[in-house]
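# Analysis of the macromolecular model
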Amino acid sequence: MKTPRQTEILYGVHPVTEALKADRRQIFEIHADTGKTGRRLDPLIRLAQHRRISVQPLSHQGLSALAGTDMHQGVAARVSLFPACDLSEIILTRSSISDTSLYVLIDSVSDPHNLGALIRTALCVGVNGVIIPSDRSAGPTPTVSKTSAGALEHIRLARVTNLVYAIKDLKNTNVWTFGLDAAGSESIYECDFTGNMALVIGGEETGIRPLVKKSCDFLCRIPQMGPVSSLNASVAGAVAMYEAFRRRQENRKL
């Protein structure tokens, strides 16, 4: 297999394992710590063998140099770049948990750890897809895959030049957009999350940008008590996503 010029190094047991399971990337080589064989790497090695990909030994120091970090957990793989989707492809995807659609738009979250955590939650609640801006945002990097525990390898993710236009495209398919905002007029427990919907989550410091906020149909807040003024972006997103998940599951039973 000829290796293209543009590749990246996935590292960590979960990201490499999930990349093998998802089978969405080309995997050109896998390296494992020669001193870290055992049960944790055995399933990964079996998956690689099933895909006819050899696992080459490499020292811990060699893996650190390859991955650019000591957080590789004894394994790293050279892979093709993350296969982002077109927005139109995401819009056409039906939800795995309901007859209605659920999308998550993440506006200018710059911390890859927050983005990874949000993607992990989004996969757990069965979203149709995640939409992020191309600029001023963390991208689908190996760090995001590691933080998401490999969830990135399965999620449908689109990068768009303009979130406002993306919201308009969603609205044209009868999707209601709910912006998560501390000053929202309704709490997430009062909003109707049972239909076709998109949840918009803002960045760490400034929240949802003004034009994106103006494009939302509703602004909803998470009720809070105590002296802390706001939740971390990934925590707030997780709370709202699971409230939508709960309401939609209950609605299916009616």
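The paragraphs below set out a description of the structure included in this document.

The rules behind each value
Residues numbered from 1 in each chain as written. Predicted model: local features only at pLDDT ≥ 70, side-chain atom pairs only at ≥ 80, totals over all residues. Heavy atoms only, no water. Phe/Tyr/Trp six-rings, centres within 6.5 Å; stacked < 30°, edge-to-face > 60°. Helix = DSSP H or I, 4+ residues; strand = E, 2+ residues; numbered from the N terminus. Core = buried A, V, L, I, M, F, W, Y, C linked by side-chain atoms within 4.5 Å. Buried < 20%, exposed > 50% of the residue type's maximum accessible area, 1.4 Å probe, protein only. Pairing = 2+ DSSP bridges. Axes fitted to C-alpha atoms, helices over the stretch in contact; angles between N-to-C directions. Contact = heavy atoms within 4.5 Å. Arc of directions from axis to C-beta. Polar contact = N/O pair within 3.5 Å; in protein donor to acceptor, adjacent residues only side chain to side chain.

### Details of the packing of aromatic side chains
In this structure the tally under the stated criterion is 4 aromatic pairs. Residues Trp176 and Phe218 carry aromatic rings whose centres are separated by 5.8 Å and whose planes lie at 45° to one another, so their mutual orientation is tilted. Residue Trp176 is located in strand β8 (residues 176–180), and its partner Phe218 is located in strand β11 (residues 218–221); the two are separated by 42 residues in the primary sequence. The interplanar angle of 65° and the centroid separation of 5.6 Å between the aromatic rings of Tyr242 and Phe245 together place this pair among those described as edge-to-face. Here Tyr242 pairs with Phe245, and both are found in helix α9 (residues 233–253), just 3 residues apart, close to one helical turn. Every member of this aromatic cluster is reached through a ring pair, and the members are Trp176, Phe178, Phe193 and Phe218.

### So, the nonpolar core
Of all hydrophobic cores here, the largest spans 33 residues; its most connected members are Val130 and Ile155. Those elements giving two or more residues to this core turn out to be β5 (102–106), α5 (112–124), β6 (129–133), β8, β10 (197–201) and α9. With 20 residues, the next largest nonpolar core counts Ile131, Val164, Val200 and Cys216 among its residues.

### Some thoughts on the sheet that holds strand β4 (residues 75–80)
A sheet is described by the order of its strands in space; here 4 strands give the open sequence β1-β4-β2-β3, paired in mixed fashion. The open sheet is flanked by β1 (7–11) and β3 (55–58), the only strands paired with a single partner. Averaged over all neighbouring strand pairs, the angle between strand axes comes to 25°, with direction disregarded. The pairing of β1 with β4 spans 5 bridges and is antiparallel. Opposite Ile9, over in β4, you have Arg78 as the bridge partner. Along the sheet, helix α1 (residues 13–22) contacts β1, β2 (27–33) and β4; its crossing angle with β1, the most-contacted strand, is approximately 120°.

### Focus: helix α7 (residues 163–171)
Where α7 is concerned, the buried positions are Leu163, Val164, Ala166, Ile167 and Leu170. For α7, the arc enclosing every buried residue in end-on projection is 160°, short of the 170-degree limit, so these residues lie on one face. Between the side-chain oxygen at the start of α7 and the backbone nitrogen of Val164 there is a gap of 2.8 Å, and the oxygen is on Asn162.

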